[in-house]
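Residue-level structure breakdown
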Amino acid sequence: MNLLEVNGICKTYGSGETAVKALKDVSFSVPKGEFVAVVGESGSGKSTLLNMIGALDTPTSGNVLIDGSEVFRMNDEKLTIFRRRNIGFIFQAYNLIPELSVEQNIAFPVLLDYKKPDKAYVEEILTVLALQERRWHLPRQLSGGQQQRVAIGRALITRPMLILADEPTGNLDSQNSNEVISLLKTASKRYQQTIIMITHNRSIASTADRVLQVSDGVLTDLGGYAE
Amino acid sequence: MNSYLGLVSEYQKAHKEKNRLTVICIAISVMLVTAIFGMADLSIEAQISAHIRQKGNYHAIISGISDSIAEEIRSRNDVKTAGWIGMAEDTSYQGKELFIQGGEQDMAGQMTLVVTDGAYPASEQEALLDRLALAQFGISIGDTIDITFSNGQVRQYTITGTFNDFSGLKGFDAHGLFLSVEGIRALGTGMYQEYFYMQFKSGVNINRALSEIKAEHGLEENQVSVNTMLLGLMGQSDDSSMVQLYITAGILFILVTMAGTFMIASSFNMSVLERTQFFGLLRCLGATKKQVRRYVRLEGLRYSLKAIPIGLLAGCALMWAALLFLNILNSQYLPEMPLLQISWHGIAAGVVIGFLVVMLASRSPAKKAAKVSPQAAVTGNISHTNNGQINQASNTKLFRVDTAMGFNHAFSNKKSLILIAGSFALSIILFVCFTVLIDFMGYGLKPLKPYAPDITIVGADNTILLDRSLMEEVKTLPHIKKVYARMFFYDIPANSKQGDGNAVLISYDEPQFEWTEKMLISGDIDNVQNGDGILIEHGYGGESDWHVGDMITLRLPGGTHEVTVAGILSDTPFNAENDEWILICSETTFTALTGRTEYNIIDLQVDEDISEQVRSFITPQMRLLDKQQGNREARTAYYGMAVFVYGFLLVIALVALINILNTVNASVSNRMGNYGVMRAVGMSGRQLKRMVTAEAAAYAITGSIVGGVLGLLLHRFIFESIITSNWGALWQPPLAVLAVTIIAALVTTFASVLSPTRKIEEMSIVNVVNAG
């Protein structure tokens, strides 16, 4: 069964002569547990696509179904809660909350549900991400690699079905990059999660189950990494 | 772009909204300073002109000097005008009191004597007589009158002209004869006192000039006296109560300046700190620390150039609006005051304070900006909050995560907290402290009491009584608002459980009982108005402790009577002489006790001048005290000050309101990036609203507590130095004012959250997140 279905997504910025078509009739589906890499030139529309999937932005036309739910039919409040519980985000610039500690940052989506985080699960994430020693630290006291690991922890805490990662290793050196990717893969395997990740890094893309290429707003399914 | 500094204008063009918030903040503070200082300036000018109108335009009086010394003083460079004014003993003319004065024409003019018809007396046999006297005595200009002086001498004067009405004369049913200097001197030694009135040029240090004059001519301290009020208003008095007032003005000046400074500093601080990353980027691209500092300063300068003129204009407009508003409310009593006045002092204060504060405020963020590490800026390894480093994680155990983060935003950076909560607190302190001026005005310039009469008919002495028919006659006149009368019985030996005493029995009629109700502390007026009880004034300091039900024995000529205290009054319109007990009863009770029915005094409140018609009813044994002009002057003085006091409060309230709105708005705008991330990871609009509200509440509550405590302390200090020291009134905490102020601040804060949170809900998460 497909976890994600993207049907005929178009996104146009501006209108008239200045209109820019960022995405042109993009359709694809991703089954549960698959690790998909999205590659493409800068400005090709990768991030726009990811933002549409995560419902951070709305398409000009088309729809997105996550686990059978059509996300753009939900009102803002419902969508926010859906996103909080079902989608994990990892950004290139980490985007951690500076006033929360490592542990609080990881537990943040659960806290937003006004629930007590599952201590054992938080502990498990901290262990998997090797952040136990840093749990009380604030983001500014961490290295870039550590901050990205916290962001991964935050994306995992609600056991989301889907993890969207926009160049998560863009700001990391190669050792940290490899660590982060292997952590992501381990986690997704362990928790049966679907990952869609934008990357410029060919070796990372080569480890994906499937590669999608976006070029000038058009998506091409490259299948398994073929190079 | 010819220089790297050209980026300043490019950046400002690209970030118009953020730019606008900072400009508004600076403009608001400049507006506050301009409006308050401008109003203070106009208020002092208005008070000076009102004082001059009422008391004359002189700075000092010297007595007991010869003509030659007077000439020497007059010829000093710093003296603008000077001259002799003499006063003779009062006498009477055709049964009316006659005040006799005389002096040099120039100085008489400065003392507000205006010859309305005819000419100023030139010789010792010539005189001016007031306009009413000419009408009442049937005298024309050119006629001759004989005046008998207290030593028996009779002098003849030719009336050469008439002068404007003086409230002092009309209020006593008296008239004024004004002579030339020769005329007053011709009365002979012992018959008059002569004083040398002086007016100095503007800008002269009057106290120093007077010391010089004293030293030069060997004058005694008691020969020279100054016009304390006028010098006080000119800022030149060394009188102790004036010095207290100056200290108060100084404190209020500092408060206004501080409020302006805080507003500018906090907005500038926010605007620069949120762009740490931007400055890091500049450093990364090769800008030196010095260049970054210069950049921030130039930015400040550009803000000033834009915001200060807006602030000045808004300040003047606010001042005009306040004047116009209060003018509409009290148009009939206001002194003549051109509405669209410009106060150069206010404008200068606005420019100087606005410019200096922006330049000073840009120093610290400039330094901070210069310190940003280029590496931190480009790798994104930098705090996203505008408010610098966060040292403590939010307390998510005590509060929900959204509330906890809101508090953390507010409390994590001490400097921002001090600046923002400080500007809240200052608004509250300013408002609370300025309300002392209302009390000051209440004590200093007695507002007209509701029972103040416009016209009073009274016997020439206590033995002359007014028949009730006179009251009925007066009532038939047009333009009468109220007529009320009193009977008095003086010197009644009395006795109560408090011991022996002397009582004055006074009768009231309906309107007076109505006014008295507001002064009733305990008891019931009905038992007095329709029964045989009496009202008594509660004594000050507890020396007379009256209770309802106390019995007082009055030994009246017709026999001994007992009366019962039915009500205690906080105050009466009468001054008790020699600790007399003032007893107020109904006319029926009065007549039953004393057997008398005739009035001692009839008062009228009118809506048009009908003094001439009333005069036609009275006999020569009666006096008509025309207080209309005096009342008008008292009202004018009161409202003249009220305009400014309430104007100050209006301006402060408005500025505080705008400041709170803008601060919350700016604080939210500056954290937009942060909020975007929170939205992306699942924070709902409602949760964001809760977070922003928690942050705003933290500022407002901290500001209210600090402002409340400091405001009360300062209120007490100001109250004691300008009111207790002058009138002995004890300080009471202004809890009602404080409560209203704090509630207003809190409501405004919560209202001000609405618009920015809507903005957050509507923002594009993508743009914010991608902006890093």
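Worth saying up front: this structure is predicted, and the values here are computed from it rather than measured. (Residues numbered from 1 in each chain as written. Chains lettered and ligands numbered in written order. Predicted model: local features only at pLDDT ≥ 70, side-chain atom pairs only at ≥ 80, totals over all residues.)

Details of the overall build of chain A
Scanning chain A from N- to C-terminus turns up 7 helices and 10 strands. The burial tally for chain A puts 49% of its 227 residues in the buried class. For chain A, the share of sequence-separated contacts (at least 6 apart) that also reach a separation of at least 24 residues comes to 70%. (Helix = DSSP H or I, 4+ residues; strand = E, 2+ residues; numbered from the N terminus. Buried ≥ 20, exposed ≤ 12 C-beta atoms within 10 Å, placed from the backbone. Contact = placed C-beta atoms within 7 Å.)

Considerations on the overall build of chain B
Looking only at helices and strands, chain B has 28 helices and 22 strands in total. When each of the 772 residues of chain B is scored for burial, the buried share is 44%. Intrachain contacts of chain B at a sequence separation of at least 6 include 83% that bridge at least 24 residues.

Here's the deal with the pairing of strand 14 (residues 488–496) of chain B
Residue and element names in this part refer to chain B. Across 7 bridges, strand 14 lies against strand 15 (residues 499–508) in antiparallel orientation. Pairing of Pro 493 across the sheet is with Asn 502, part of strand 15. Adjacent in sequence and paired antiparallel, strand 14 and strand 15 are bridged by 2 residues. Of the pairings in the sheet, the one linking strand 14 to strand 18 (residues 551–556) comprises 3 bridges and is antiparallel in character. Bridging from a neighbouring strand, Asn 495 pairs with Thr 553 of strand 18. (Pairing = 2+ DSSP bridges.)

Looking at the pairing of strand 1 (residues 60–63) of chain B
Residues and elements named next belong to chain B. Where burial is concerned, the two faces of strand 1 differ: the one with Ala 60 and Ile 62 is buried and the one with Ile 61 and Ser 63 is not. The sheet contact formed by strand 1 and strand 10 (residues 192–200) spans 4 bridges and is antiparallel. Pairing of Ile 61 across the sheet is with Tyr 197, part of strand 10.

Points about the sheet that holds strand 13 (residues 480–486) of chain B
Residue and element names in this part refer to chain B. Read across the open sheet, the 4 strands follow the order 13-21-12-22; overall the sheet is antiparallel. The outermost strands of the open sheet, each flanked by one partner alone, are strand 13 and strand 22 (622–626). Neighbouring strand axes in the sheet, compared pairwise and without regard to direction, differ in orientation by 15° on average. Where strand 13 lies against strand 21 (residues 601–606), 6 bridges are found, and the strand directions are antiparallel. Among the inter-strand pairings, Tyr 484 is bridged to a residue of strand 21, identified as Asp 603. Relative to the sheet, helix 19 (residues 468–475) contacts strand 13 and strand 21, its axis offset from that of strand 13 by approximately 170°. (Axes fitted to C-alpha atoms, helices over the stretch in contact; angles between N-to-C directions.)

Observations concerning unusual backbone geometry
For A:Asp67, which is not glycine, the phi torsion reads 50° and is therefore positive. Here A:Asp67 is to be found in the loop between strand 4 (61–66) and strand 5 (69–70). For A:Asp67, a count of 16 C-beta atoms within 10 Å gives the class partly exposed. Backbone geometry at B:Thr112 places phi at a positive 70°, although glycine is not the residue there. If you trace the backbone, B:Thr112 turns up in the loop between helix 4 (105–110) and strand 5 (115–118).

A closer look at helix 22 (residues 587–594) of chain B
Residues and elements named next belong to chain B. Along helix 22, the residues that are buried comprise Thr 589, Phe 590, Leu 593 and Thr 594. All buried residues of helix 22 project into a common sector of 110° when viewed along the axis, lining one side. Structurally, helix 22 contributes buried residues whose contacts are with strand 14, strand 15, strand 18, strand 19 (559–569) and strand 20 (581–586). Downstream of helix 22 by one or two residues, Gly 595 has phi in the positive range, about 80°. (Arc of directions from axis to C-beta.)

Side note on the interface of chain B and chain A
Contact with chain B, which involves 31 residues of that partner, is made by 31 residues of chain A. The element that contributes the greatest number of residues to the side of chain B that touches chain A is helix 16 (residues 401–412) of chain B, accounting for 5 residues. Residues of the side of chain B that touches chain A, tallied by class, amount to 12 nonpolar, 18 polar and 1 charged. (Nonpolar A, V, L, I, M, F, W, Y, C, P; charged D, E, K, R; others polar.)

Overview of the nonpolar core
Judged by nonpolar contacts, the single largest core of 175 residues is most densely connected at A:Val38, B:Leu32, B:Ile36, B:Leu430 and B:Val651. Look past the residues within four positions of A:Val38 in its chain and what remains in contact with it is A:Lys46, A:Leu49, A:Leu50, A:Ile196, A:Met197, A:Ile198, A:Leu212 and A:Val214. If you look at the next biggest cluster of nonpolar residues, it comprises 44 residues, including B:Ala127, B:Phe163, B:Leu177 and B:Ile206. (Core = buried A, V, L, I, M, F, W, Y, C linked by C-beta atoms within 7 Å.)

Some details on the packing of helix 17 (residues 414–434) of chain B against helix 27 (residues 735–762) of chain B
Residues and elements named next belong to chain B. Close contact between helix 17 and helix 27 brings their axes to 10 Å; oriented N to C, the two are set at 150°. Crossing of helix 17 over helix 27 shows right-handed handedness. Residue-level contacts link Phe 424, Ser 427, Ile 428, Phe 431 and Val 432 of helix 17 to Val 737, Leu 738, Thr 741, Ile 742 and Ala 745 of helix 27. Here the contact of helix 17 with helix 27 is composed, by residue class, of 8 nonpolar, 2 polar and no charged. (Left-handed = near helix turned anticlockwise from the far one by under 90°.)

Some thoughts on the confidence of the model for chain B
When pLDDT is averaged across chain B, the result is 82; 91% of the residues are at 70 or more. Predicted confidence is poor over residues 379–387 of chain B, with pLDDT under 50, and the contacts of this stretch with residues over four places away or in other chains come to 34 contacts. (pLDDT = per-residue confidence, 0-100.)

Some points on the sheet that holds strand 4 of chain A
Residue and element names in this part refer to chain A. Overall, antiparallel pairing links the 4 strands, which are arranged 2-1-4-5 in an open sheet. Across the chains shown, the open sheet's two edge strands, defined by having one partner strand only, are strand 2 (20–31) and strand 5. Sheet topology places strand 4 next to strand 5; 2 bridges connect them, and they run antiparallel. Bridged to Leu 65 within strand 5 is Glu 70. Sheet strands touched by helix 1 (residues 46–53): strand 1 (2–13), strand 2 and strand 4. Its angle to strand 1, the strand with the most contacts, is close to 125°.

Describing the packing of helix 5 (residues 144–156) of chain A against helix 6 (residues 174–191) of chain A
A pair of packed helices can be characterised by two numbers: the angle between their axes and the separation between those axes. All names here are of chain A. The contact between helix 5 and helix 6 brings their axes to 10 Å, and the two run at 15°. Here helix 6 runs roughly parallel to helix 5, going by the angle between their axes. The two elements helix 5 and helix 6 meet at a crossing, and its hand is right-handed. Residue-level inspection shows Gly 144, Gly 145, Gln 148, Arg 149, Ile 152 and Leu 156 of helix 5 in contact with helix 6, the latter providing Asn 176, Glu 179, Val 180, Leu 183, Leu 184, Ala 187 and Tyr 191. Along the lines of polarity and charge, the residues of the contact of helix 5 with helix 6 split into 7 nonpolar, 4 polar and 2 charged. (Parallel < 35°, antiparallel > 145°, perpendicular 65-115°, else oblique.)

Observations concerning the environment of A:Arg73
Structurally, A:Arg73 is set in the loop between strand 5 and helix 2 (76–86). Spatially, the C-alpha atoms of A:Arg73 and A:Asn63 are 8.9 Å apart, while their sequence positions differ by 10 residues.

Remarks on the environment of A:Asn105
Residue and element names in this part refer to chain A. As for its position among the elements, Asn 105 is in helix 3 (residues 102–112). In the structure, Asn 105 is positioned 33 residues away from Leu 138 in sequence and 9.0 Å away in space, judged by C-alpha atoms. Discounting residues that sit within four places of it in the chain, Asn 105 has contacts with Leu 96, Ile 97, Leu 100, Pro 139, Val 150 and Arg 154.

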